[in-house]
Amino acid sequence: MTPLILIVEDEEPLAEMLRYNLDKSGFRTMVAVTGEEALQKVDMELPDLAVVDWMLPERSGIEVCRVLRARDDTRKLPIIMLTARGEEGDRVLGLEAGADDYVVKPYSPRELIARINALLRRSEVQSALPQKEYAGVVVDLDAHKVTRDGAPVRLSPTCFKLLTTLMERPGYVFSRDRLLGRVWGGDVFVEPRTVDVHIRRLRQALNARGGCDLIRTVRASGYAIDEQQDA
Ligand code: CA
């Protein structure tokens, strides 16, 4: 799949130039002009990498980095910090806040893209964590296979993505919108009801051999994978 790059930059001409260059290099992009907006966008669709400007109104780029690093689903998101500052102290501060790399403005688009590619390659190697496990459910991300208490569970590709998303944060309630963004992607128009349909299929598949229902429905909010739910 085409990597999705989140651009967080409050100066629109710079954001547009970066978007143009990244689009031309074959990436998908989404732009946020504030830290708040960046976090909202991440809720809708998880990017593969973020390019974050240091100087932002309200929340600084450093704060955005810290928030992303504190969240389970973005803990390993590769982040490149953009800044007009080039001093050693700033560089250290940026890296300490969780940025993986650091590019000083004005930068050449070619250099930035080379760094993006290098970071994406590195994160691909690292994210080869082959398994996720929760409450007896084991997801093999490489083989795309799921078992519950050792027995195979057959899932469609969509249900598989839905399950791996829920398993990123057991107990956490994902809204339908968030699931739509994460599983179907932000560009596609899909009715929220589609999420309910696939959750039903996922639930049936997981519970096919008995055992407690691991999918918790929270009326008007969304869904979680949760073994501690009240019946
Ligand atoms: Ca700025």
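Up top you'll find the structure we're talking about.
All values reported here derive from a predicted model rather than from experimental measurement. (Residues numbered from 1 in each chain as written. Predicted model: local features only at pLDDT ≥ 70, side-chain atom pairs only at ≥ 80, totals over all residues. Heavy atoms only, no water.)

## Observations concerning the packing of helix α6 (residues 157-166) against helix α8 (residues 192-206)
Axis angle and axis distance: for two packed helices, these are the angle between their axes and the distance between the axes, and together they describe the pair. It is at 10 Å that the axes of α6 and α8 come closest, and there the two elements cross at 85°. When the axes of α6 and α8 are compared, the pair comes out roughly perpendicular. Only H198, I199, R201, L202 and L206 of α8 make contact with α6, whose side of the interface consists of T158, C159, L162, L163 and L166. Within the contact of α6 with α8, the residues separate by chemical class into 7 nonpolar, 2 polar and 1 charged. (Axes fitted to C-alpha atoms, helices over the stretch in contact; angles between N-to-C directions. Helix = DSSP H or I, 4+ residues; strand = E, 2+ residues; numbered from the N terminus. Parallel < 35°, antiparallel > 145°, perpendicular 65-115°, else oblique. Contact = heavy atoms within 4.5 Å. Nonpolar A, V, L, I, M, F, W, Y, C, P; charged D, E, K, R; others polar.)

## Structural notes on the environment of E96
Tracing the backbone shows E96 in helix α4 (residues 88-96). Among the residues examined, E96 registers a relative accessible area of 63% and is labelled exposed. With 34 residues separating them along the chain, E96 and I62 place their C-alpha atoms 9.2 Å apart. (Buried < 20%, exposed > 50% of the residue type's maximum accessible area, 1.4 Å probe, protein only.)

## Quick look at the packing of aromatic side chains
Two numbers describe a pair of aromatic rings. These are the distance of the centres and the angle of the planes. Applying the stated criterion across every chain, the model contains 1 aromatic pair. Relative to F174, the ring of Y172 lies with its centre 4.9 Å away and its plane at 80°, an arrangement referred to as edge-to-face. What makes F174 buried here is its relative accessible area of 0%. Taking the ring centre of Y172 as reference, the NZ or CZ of R169 above it sits at 3.8 Å. (Phe/Tyr/Trp six-rings, centres within 6.5 Å; stacked < 30°, edge-to-face > 60°. Lys NZ or Arg CZ within 6 Å of the ring centre and 35° of its normal.)

## Details of the sheet that holds strand β3 (residues 49-53)
If you walk across this open sheet you meet the 5 strands as β2-β1-β3-β4-β5, and the pairing is parallel. Edge positions in the sheet fall to β2 (28-32) and β5 (101-104), since each of these pairs with one other strand and no more. On average, each strand axis in the sheet is tilted by 20° relative to the strand beside it, whichever way the strands run. Pairing of β3 with strand β4 (residues 79-83), which is carried by 4 bridges, proceeds in the parallel orientation. Bridge pairing links A50 to I79 in β4. Contacting β3 and β4, helix α3 (residues 61-70) runs over the sheet at an angle of about 170° to β4. (Pairing = 2+ DSSP bridges.)

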